[in-house]
Amino acid sequence: MPKVKFWLLDINDALIDGAPAIRLWGIDDAGRRVAIWDRNFPPRFFLLANRGEDPALILEGIRRLSRELCGILDLGLERKRYLGEERNVVRVVFKDHESLAKSAEALPNAKGVEAVLEDDVRFSMKYMIDGGVRPCSWHEVEVQEAPIEQSIRVDRAYEAVSPPRVIESQGEGPSLRSLAFSILCPGSRGSPRPSVDPVRGIFVESGSGEGEVFLAEGDRDSSAIRGFSEFIERADPDLIVGFGSNRFDWPYLMERAKLGGIHLKVGRGGEPPHRSVYGHISVTGRANIDILNLMDDIPEVKQKALASLAEFFSIIRKGEMPDLDEVELAREWRNAGGREHLREYFVKRTGVLMKCHETLMDFAIALSNITGLPLDQVAAAAVGFRVDSLMMRGSRMLGELIPKREERPHVAYKGGMVLQPKPGLHENIVVLDFKSMYPNLMMLYNISPDTYCPPGEDCSEAFEVPEVGHRFRRGRDGLYRAVLSKLMEERERIKEKLKGIPKGDPSHKVLAERERAVKILLNACYGYSGWTGARWYSKEVAESAAALGRAAITKALEEARGFGLEPIYGDTDSIFLKSGPKIEEYVERVMQETGIEIKIDKIYKRILFMESKKRYAGLLESGDLDVVGLEAVRGDWSGASKAMQEGMLKIVLSEGGPNGALEFARSYISDVRSKAIPFRDFVIWKTLTKPMREYEVKAPHVEAARRLLADGIELGPGDSVGYVITKGAGKIHERAKPYAYATIEEVDAEYYINNQLIPVASRILSIFGIAVGRMLESPG
DNA sequence: AGGGGCTTCAGTTCG
DNA sequence: TGCGAACTGAAGCCCCTC
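Residues numbered from 1 in each chain as written. Chains lettered and ligands numbered in written order. Predicted model: local features only at pLDDT ≥ 70, side-chain atom pairs only at ≥ 80, totals over all residues. Heavy atoms only, no water.

S.K.: It is not clear to me how the overall build of chain A should be interpreted in this structure. Could you clarify?
M.R.: Along its length, chain A carries 21 helices and 29 strands. Compactness check: chain A gives a C-alpha radius of gyration of 30 Å against a globular reference of 28 Å for 780 residues, within 12% of the reference. Expressed as lengths along the three principal axes of its C-alpha atoms, the size of chain A is roughly 95 × 75 × 55 Å. Of the roughly 34200 Å² of accessible surface on chain A, 49% is carried by carbon and sulfur atoms. (Helix = DSSP H or I, 4+ residues; strand = E, 2+ residues; numbered from the N terminus. Rg over C-alpha atoms; globule rule 2.2 N^0.38 Å. Areas by Shrake-Rupley, 256 points an atom, 1.4 Å probe, with all protein chains shown as cover.)

Here it is as structure tokens:
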């Protein structure tokens, strides 16, 4: 039987002659695009038998019923674990999805059945989990050649004879073909509406740097859309990349295509794009990726705009490519010469998008490979679903059944401990961090939903968590320990490999991005355990991890005194100590006492604390300024207050006193008063977190959004509103104006001085006993 | 009517 | 559509004084 090696790019379920089948899309080791049918995996679920119930009776009962329930191919008894407990289950295999769905509805009420399990796992996901198939991994599969259907755009098509198997550590992935695109749709009135506003241009760029532009002819965009669709067919990309394309570009194109009677044949089977899980758009046989989704994994970039991301990656210089909003775009479209300008802008934008994609792809591929979510899904999936997938994979290793996703009410619990900082300037401060504190504590004490021992149950030799009293079984590894230790080992393995690879080498980046993916997942597991939507939700687990964390940091604080080290501050897993000679000894002691590793994370030559927790600024040994939590690093303050604060902090920390900073603030405020700073530094950005109609209060950003809404600009949850406060009487929200509508002349400098600058300056100066009061309000 | 003091709402960041 | 802790500004309310 011939064998094929392939790298899995996409997977979907389909029907062949009415029978369920899986289609795997990939690239073989000769770079050919391949499609592989697998019809050897009929849908299935498990019936969990009640404790003490003879599962054979259930099985018999179903066999009797099966005339009515029809469509059952196979039944079998198995022993599996469910939340740690060994249980009897009945495996039920169906000929098709409809039969499974019917039975899943009827059987939970059958006699002796506690629950139907794993019917709520997507078919293609269950196929991969049960078969050990993994996205963005190399596999080997026995096949027979199948004729290439006329509509299928691949080099080879096969039929799987046996299940594909992952080939471990096959090294790097294949070279993938990418296509980036963006669409230009200025709104004729307010936001563009597909019912009336045509697509004026579609801009594409392939990975090799070749671009193509499809322009509407007058108001007719049919040929442009058709041209785009044909271009995709011709270029046959593996990855289709957009920015905000799940929410805007694709839905818009789909709607315009519908109106124009055009078939968007973008899938490898000639399919149109379709809406899939996690609200993303899926293109069969390819991976559709929205870079905007991946930006959530880069918290350093505050503004969710392509320009901000490109600046962060140093793909463009600051201010090189503006980010035009809908108002500016429509305005430019109407301007003389604006259309030519917009075309140039979109060509540039699409090229920048491609470069961002190239920078991000190693990360996305690693994330897909580790979590087991297909590449296009993993980008769009929220943290909780990524970990859910990771856990489902882990559960198979332990023979654990996958619990149902349930709707549960939110239950709060006590979290990490934060110390009150000692305000003022401190010198030579060492920051010690517990390394991956929550994951390590959960591993150390086997904290997991399947090792939890409820009150009243006899669990000999269980470990009891201090303060909260929850008990967890020792002995057999729990799911969390199993999953976390695999991640931890992977991280160590990557670190080891990285040592032998020079930094500029492409494989260095692949590994470094993989390490970042592992790290993100490691850190997400604790939060996942306390998320009520998690399949393996357990308040006791999350609460215990938090309690163990508090115990660890408390222990570290107690020990500090004995080593002559004075704690200045601490938050969750870190403590800030005034450096002393016995620090190494101390680190050893804390590790002995807590069982988890603690290391020196940072050393501040000088650090400034105010009265608040979670906010400080320090000078690192390198001479770099490190600002944490303060306005200067927040996205919801004006550029003016951020710039002034950063300037003041630099001076205070380098001079060791407030005098220079006071002068700096004075002069900065006078610049603001005379408007000698750029307009954009007056703009305040805030994100809408819910639909406009649900706002009960008149907040400034909400009122600014209302003004846009009045002009037909549609804004919803997740959209950012940039506004300035203008001169005049009345409440602040009455004077908030979308920045695109305002000029620098209208800006109320006094508002910025009183509400954005003085509070910020006085928080710093008051530490030194300088009461700001009116001192900064008028010049001199 | 207007101000002080307090609570609530909203958004964002830390770890 | 990970968690809780924490901060801040603005609005919104009550209460008091005038």
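S.K.: Help me understand the protein's contact with DNA strand C, please; the structure alone is not making it clear to me.
M.R.: Surrounding DNA strand C, one finds 32 residues, the nearest of these being Ala382, Phe385, Lys613, His733 and Tyr751. Lysine 614 is positioned such that a nitrogen or oxygen atom in its side chain is 3.5 Å from a base nitrogen of DNA strand C. The contact in question runs from a phosphate oxygen of DNA strand C to an N or O atom on the backbone of lysine 698, over 3.4 Å. Looking at the surface near DNA strand C, the element that brings in the most residues is helix 21 (residues 749-765), giving four residues. (Near = heavy atom within 4 Å. Polar contact = N/O pair within 3.5 Å; in protein donor to acceptor, adjacent residues only side chain to side chain.)

S.K.: So what exactly am I meant to see when it comes to the protein's contact with DNA strand B here?
M.R.: Taken together, 21 residues lie near DNA strand B, and Asp573, Lys614, Gly629, Thr689 and Tyr695 sit nearest. Sugar and phosphate atoms constitute 87% of the interface atoms of DNA strand B, taking the interface as everything within 4 Å of the protein. One nitrogen or oxygen atom from the side chain of tyrosine 616 is found 2.9 Å from a phosphate oxygen belonging to DNA strand B. A distance of 3.1 Å is found between a sugar or linking oxygen of DNA strand B and a side-chain nitrogen or oxygen belonging to arginine 634.

S.K.: How do you make sense of the sheet that holds strand 27 (residues 684-687) when you look at a structure like this?
M.R.: In any sheet, the strands associate via hydrogen bonds between backbone groups, in a parallel or an antiparallel arrangement. In space, the three strands of this open sheet follow the order 27-28-29, with antiparallel pairing throughout. Across the chains shown, the open sheet's two edge strands, defined by having one partner strand only, are strand 27 and strand 29 (736-738). Taking each pair of neighbouring strands and ignoring which way they run, the sheet shows an average axis angle of 45°. Across three bridges, strand 28 (residues 720-725) lies against strand 29 in antiparallel orientation. Within the sheet, the bridge partner assigned to valine 724 lies in strand 29 and is lysine 737. Packing of helix 19 (residues 700-710) onto the sheet brings it into contact with strand 27, strand 28 and strand 29, and relative to strand 29 it is tilted by some 45°. (Pairing = 2+ DSSP bridges. Axes fitted to C-alpha atoms, helices over the stretch in contact; angles between N-to-C directions. Contact = heavy atoms within 4.5 Å.)

S.K.: Got a minute to help me understand the pairing of strand 23 (residues 574-578) in this structure?
M.R.: A regular strand carries its side chains on alternate faces of the sheet. Burial of strand 23 is extensive: four of the five residues sit out of reach of the surface. Alignment of strand 18 (residues 424-434) against strand 23, held across five bridges, turns out to be antiparallel. In the strand pairing of strand 23, aspartate 433 is matched with serine 574. Bridge count between strand 22 (residues 566-571) and strand 23: five bridges; the pairing is antiparallel. By the bridge assignment for strand 23, glycine 570 is matched with isoleucine 575. Where strand 22 folds back on strand 23, the antiparallel hairpin that results is connected by two residues, among which threonine 572 adopts a positive phi of roughly 65°. (Buried < 20%, exposed > 50% of the residue type's maximum accessible area, 1.4 Å probe, protein only.)

S.K.: Is there a simple way to think about the side chain of aspartate 571 in this case?
M.R.: Among the structural elements, aspartate 571 can be located in strand 22. Overall, aspartate 571 belongs to the buried group, its relative accessible area being 17%. Side chain to side chain, aspartate 571 and threonine 572 meet in a polar contact 2.7 Å long. Apart from residues lying up to four places away in sequence, aspartate 571 is in contact with Met417, Val418, Ile553 and Lys614.

S.K.: Any chance you could explain the packing of aromatic side chains here in plain terms?
M.R.: Each aromatic ring pair is characterised by the separation of its centres together with the angle its planes make. The tally for this structure, following the rule as stated, stands at 31 aromatic pairs. Geometrically, the ring pair formed by phenylalanine 576 and phenylalanine 609 is edge-to-face, given 5.8 Å between the ring centres and 75° between the ring planes. On the criterion of sequence distance, the pair formed by phenylalanine 576 in strand 23 and phenylalanine 609 in strand 24 (residues 598-609) is long-range, its members being 33 residues apart. This pair shows no difference in class: phenylalanine 576 is buried, exactly as phenylalanine 609 is. Taking the centre distance of 5.0 Å and the plane angle of 75° together, the rings of phenylalanine 682 and tyrosine 752 count as edge-to-face. Highlighted residues: phenylalanine 682 in the loop between helix 18 (659-673) and strand 27 and tyrosine 752 in helix 21, separated in sequence by 70 residues. Here the two residues phenylalanine 682 and tyrosine 752 agree in accessibility, since each one is buried. One Lys or Arg, arginine 44, reaches over the ring of phenylalanine 41 and ends 4.2 Å from the middle of that ring. The ring of phenylalanine 363 is capped by arginine 516, whose NZ or CZ atom sits 3.9 Å from the centre of that ring. (Phe/Tyr/Trp six-rings, centres within 6.5 Å; stacked < 30°, edge-to-face > 60°. Lys NZ or Arg CZ within 6 Å of the ring centre and 35° of its normal.)

S.K.: Explanation requested: the sheet that holds strand 4 (residues 44-49) in the structure shown.
M.R.: Read across the sheet, four strands follow the order 5-6-4-7 without closing on themselves; strand pairing throughout is antiparallel. Of all the strands in the sheet, just strand 5 (72-82) and strand 7 (113-117) have a single pairing partner and so form its edges. Averaged over all pairs of adjacent strands, the angle between strand axes in this sheet comes to 25°, irrespective of strand direction. Of the pairings in the sheet, the one linking strand 4 to strand 6 (residues 85-94) comprises five bridges and is antiparallel in character.

S.K.: Just to check I follow, could you spell out the pattern of salt bridges for this structure?
M.R.: Any two side chains of opposite charge can pair, given that their charged atoms come close. Considering all chains together, one arrives at 62 salt bridges under this definition. One salt bridge in this structure joins lysine 539 and glutamate 543, with 3.6 Å as the shortest N-O distance. Note that lysine 539 and glutamate 543 are positioned in helix 15 (residues 539-562) at a spacing of four residues, about one turn of the helix. Residues arginine 666 and glutamate 663 are paired through a salt bridge, measuring 3.3 Å at the closest nitrogen-oxygen approach. Separated by three residues within a single helix, arginine 666 and glutamate 663 lie in helix 18, roughly one turn from each other. What makes arginine 666 partly exposed here is its relative accessible area of 21%. (Salt bridge = Lys/Arg side-chain N within 4 Å of Asp/Glu carboxyl O.)

S.K.: Would you mind showing me how to read the packing of helix 17 (residues 639-655) against helix 21 here?
M.R.: Following both chains from N to C, one finds helix 17 and helix 21 inclined at 20°, their axes separated by 9 Å at the closest point. By the angle between their axes, helix 17 is roughly parallel relative to helix 21. Crossing of helix 17 against helix 21: the hand is right-handed. For the pair formed by helix 17 and helix 21, the contact residues are Ala640, Ser641, Met644, Gln645, Met648, Leu649 and Val652 on the first element and Gln756, Leu757, Val760, Ala761, Ile764 and Leu765 on the second. (Parallel < 35°, antiparallel > 145°, perpendicular 65-115°, else oblique. Left-handed = near helix turned anticlockwise from the far one by under 90°.)

S.K.: Mind showing me how you'd approach helix 19 here?
M.R.: Because each turn of an α-helix spans 3.6 residues, side chains separated by three or four positions in sequence point in the same direction. If you check which residues of helix 19 are buried, you get His701, Val702, Glu703, Ala704, Ala705 and Leu708. Where helix 19 is buried, its residues touch helix 8 (326-334), strand 27, strand 28, helix 20 (732-735) and strand 29. Looking one or two places after helix 19, you find glycine 712, whose phi comes out positive at around 85°.

S.K.: Is there a simple way to think about the state of the cysteines in this case?
M.R.: In this structure the tally under the stated criterion is one disulfide. Between cysteine 453 and cysteine 459 runs a disulfide, and the two sulfur atoms are separated by 1.7 Å. What sets the handedness of the cysteine 453 and cysteine 459 disulfide is the S-S torsion sign, and at about 90° it is right-handed. Comparing cysteine 453 with cysteine 459 shows no difference in burial state: the two are buried. The thiol of cysteine 525 is not disulfide-bonded; the next cysteine sulfur, from cysteine 136, is found 20 Å away. (Disulfide = S-S within 2.5 Å.)

S.K.: Can you walk me through the nonpolar core in this structure?
M.R.: Generally speaking, nonpolar side chains in soluble globular proteins are found buried as a group. With 88 residues, the main nonpolar core has Ile36, Met391, Tyr480 and Tyr586 as its most contacted residues. Looking at this core element by element, the count peaks at eleven residues for helix 15. One finds Ile677, Ile684, Val721 and Ala742 within the second-largest nonpolar core, a separate group that totals 57 residues. (Core = buried A, V, L, I, M, F, W, Y, C linked by side-chain atoms within 4.5 Å.)

S.K.: What exactly am I supposed to notice about helix 16 (residues 583-594) here?
M.R.: Taking 1.5 Å per residue as the helical rise, helix 16 with its twelve residues ought to reach 16 Å, and the 16 Å between its terminal C-alpha atoms agrees with that figure. When we look at burial in helix 16, the residues that qualify are Ile583, Tyr586, Val587, Val590 and Thr594. End-on view of helix 16: buried residues confined to an arc of 100°, all on one side of the axis. Exposed residues on helix 16 whose side chains face more than 90 degrees from its buried face are Glu584 and Gln592. At the C-terminal side of helix 16, glycine 595 shows a positive phi close to 80°. (Expected span 1.5 Å × (residues − 1). Arc of directions from axis to C-beta.)

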